[in-house]
Amino acid sequence: MTSPRKASTTVRIGCAGWSIPAAHRTLFGAGDSMLARYATRFDCVEINSSFYRPHRRQTYARWAASVPRGFRFSVKLPRTISHEQRLRASGPMLDRFLEECSGLGGKLGCLLLQMPPSLALEPRVAATFLAMLRRRFAGAVACEPRHASWFAPRAAELLHRHRIARVAADPVTHPGADLPAGDGAFAYWRWHGSPRMYYSAYGEADLRARAALVRSQRVRRQWVILDNTAHGHAIADAACLQTILHRGGTRS
């Protein structure tokens, strides 16, 4: 029998982007666009293109209109904020970004902040930025830091205070980076492919072990994003993970 805690856990599974390799088209239903077809199988997707360039609000609205009611988008914050400004003096850029992705309406499920490996934790700078973000956006936020200083207890406390989920990433760059931290109600997993980032497939045996980690988390909401897209493995791995978690009784 499934325990009450597990029964109340929602796990969304998807990919970074909605490209469907020809080899995996049979996994999906019909649709008027690649995104619409993708959404016949998965209930979430990560938009990475927003990291490189802005999209019009109307574009986000069009994407939202092409997917079912329960589908959700994760949108990556622009690199101008994370990599160029390094979280400093970025209020106008953040306002513009939030106005654009507000076109998703209720289908905006999460924001993703990925930081460069060179960006060490500066508590005052980080706290100022996260407070500014929280004044503007009350929804789920995931942060993928890549400098060792972000994996110390002080950083976890800062993220928890602002209800920011620290991404559980693979490959593991620092001890503890493979497990969620921060927000106690939300976990966000990003699996980039291992051992070769973006290129390697995980396969069923590896995914079963990872599914056990997902099931072990005492949080209400979880997202699992497969980012090993370079050779098209993300789609097959995400579909396999769906099957594993469904058989294990976790609702997605």
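See above for the structure.
Predicted, not measured: the structure shown is a model, and the values here were computed from it.

## Quick word on the environment of Met 34
Next up, step 1: With respect to the helices and strands, the residue Met 34 is situated in helix 2 (residues 34–38).
Next up, step 2: Using a relative accessible area of 32% as the deciding quantity, one classes Met 34 as partly exposed.
Next up, step 3: Sequence-wise, Met 34 and Ser 66 are 32 residues apart; in three dimensions their C-alpha atoms are separated by 9.7 Å.
Next up, step 4: Discounting residues that sit within four places of it in the chain, Met 34 has contacts with Trp 18, Ser 19 and Ile 20.

## Digging into helix 8 (residues 153–161)
Structural remark: α-helix, 3.6 residues per turn; residues separated by three or four positions point the same way.
Next up, step 1: Along helix 8, the residues that are buried comprise Ala 155, Leu 158 and Leu 159. Along the axis of helix 8, the buried residues cluster in a sector spanning 95°; they form a single face. With respect to the buried face of helix 8, the exposed residues turned more than 90 degrees away are Pro 153, Arg 154, Glu 157 and Arg 161.

## So, the side chain of Gln 114
Next up, step 1: By the secondary structure assignment, Gln 114 is in strand 4 (residues 108–114).
Next up, step 2: Reaching out from Gln 114, the side chain makes a polar contact with the side chain of Lys 76 at a distance of 2.9 Å.
Next up, step 3: Here the side chain of Gln 114 touches Glu 144 through a polar contact of 3.0 Å, side chain to side chain.
Next up, step 4: When sequence neighbours within four positions are dropped, the list of residues in contact with Gln 114 reads Lys 76, Ser 82, His 83, Glu 144, Arg 146 and Arg 190.

## Some remarks on unusual backbone geometry
Next up, step 1: Omega for the bond connecting Asp 170 with Pro 171 falls within 30 degrees of zero, at 5°, which places this linkage in the cis form.
Next up, step 2: As for its position among the elements, Pro 171 is in the loop between strand 7 (168–170) and strand 8 (181–182).
Next up, step 3: A cis amide bond links Ser 194 with the next residue in sequence, Pro 195, at an omega value of 10°.
Next up, step 4: With respect to the secondary-structure elements, Pro 195 resides in the loop between strand 9 (186–191) and helix 9 (203–215).
Next up, step 5: With phi around 75°, Leu 87 is a residue other than glycine that occupies positive phi space.
Next up, step 6: Relative to the helices and strands, Leu 87 is located in the loop between helix 5 (79–84) and helix 6 (91–101).
Next up, step 7: By relative accessible area, Leu 87 is classed as buried at 8%.

## A look at the pairing of strand 1 (residues 10–16)
Next up, step 1: Counting buried positions along strand 1 gives 6 out of 7 residues, so the element sits mostly inside the fold.
Next up, step 2: As paired strands, strand 1 and strand 10 (residues 221–226) are joined by 6 bridges and run parallel to one another. Paired with Arg 12 across the bridge in strand 10 is Trp 223.
Next up, step 3: Relative to strand 2 (residues 44–47), strand 1 is paired through 3 bridges, and the arrangement is parallel. Opposite Cys 15, over in strand 2, you have Val 45 as the bridge partner.

## Some points on a nonpolar patch on the surface
Next up, step 1: Nonpolar side chains collect at one region of the surface, where Met 197, Tyr 198 and Tyr 199 lie side by side and expose about 240 Å² of accessible area between them.
Next up, step 2: Within the secondary structure, Tyr 198 is located in the loop between strand 9 and helix 9.
Next up, step 3: With relative accessibility at 33%, the residue Tyr 198 sits in the partly exposed group.

## Details of the packing of aromatic side chains
Next up, step 1: Applying the stated criterion across every chain yields a total of 12 aromatic pairs.
Next up, step 2: With 5.9 Å between their ring centres and 20° between their planes, Tyr 188 and Trp 223 make a pair best called stacked. Of this pair, Tyr 188 sits in strand 9 while Trp 223 sits in strand 10, and the two are 35 residues apart along the sequence.
Next up, step 3: By relative accessible area, Tyr 188 is classed as buried at 0%.
Next up, step 4: Of the residues examined, Trp 223 reaches a relative accessible area of 4% and is grouped as buried.
Next up, step 5: Relative to Trp 191, the ring of Trp 189 has its centre 6.0 Å away and its plane inclined at 65°; by these criteria the two rings are edge-to-face.
Next up, step 6: With a relative accessible area of 1%, Trp 189 lands in the buried category.
Next up, step 7: Using a relative accessible area of 2% as the deciding quantity, one classes Trp 191 as buried.
Next up, step 8: Three or more aromatic residues joined by ring pairs form one cluster here, namely Phe 28, Tyr 38, Phe 42, Phe 71 and Phe 73.
Next up, step 9: Its end group placed over the ring of Phe 51, Lys 76 keeps NZ or CZ at 4.4 Å from the ring centre.
Next up, step 10: Over the face of the ring belonging to Trp 191 we find Arg 210, whose NZ or CZ atom lies 5.4 Å from the ring centre.

Reading the values: rules and limits
- Residues numbered from 1 in each chain as written.
- Predicted model: local features only at pLDDT ≥ 70, side-chain atom pairs only at ≥ 80, totals over all residues.
- Heavy atoms only, no water.
- Helix = DSSP H or I, 4+ residues; strand = E, 2+ residues; numbered from the N terminus.
- Buried < 20%, exposed > 50% of the residue type's maximum accessible area, 1.4 Å probe, protein only.
- Contact = heavy atoms within 4.5 Å.
- Arc of directions from axis to C-beta.
- Polar contact = N/O pair within 3.5 Å; in protein donor to acceptor, adjacent residues only side chain to side chain.
- Pairing = 2+ DSSP bridges.
- Patch = residues over 30% accessible without salt bridge, like charges linked within 9 Å, V, L, I, M, F, W, Y side chains within 5 Å.
- Areas by Shrake-Rupley, 256 points an atom, 1.4 Å probe, with all protein chains shown as cover.
- Salt bridge = Lys/Arg side-chain N within 4 Å of Asp/Glu carboxyl O.
- Phe/Tyr/Trp six-rings, centres within 6.5 Å; stacked < 30°, edge-to-face > 60°.
- Lys NZ or Arg CZ within 6 Å of the ring centre and 35° of its normal.

That is the geometry; function is a separate question.
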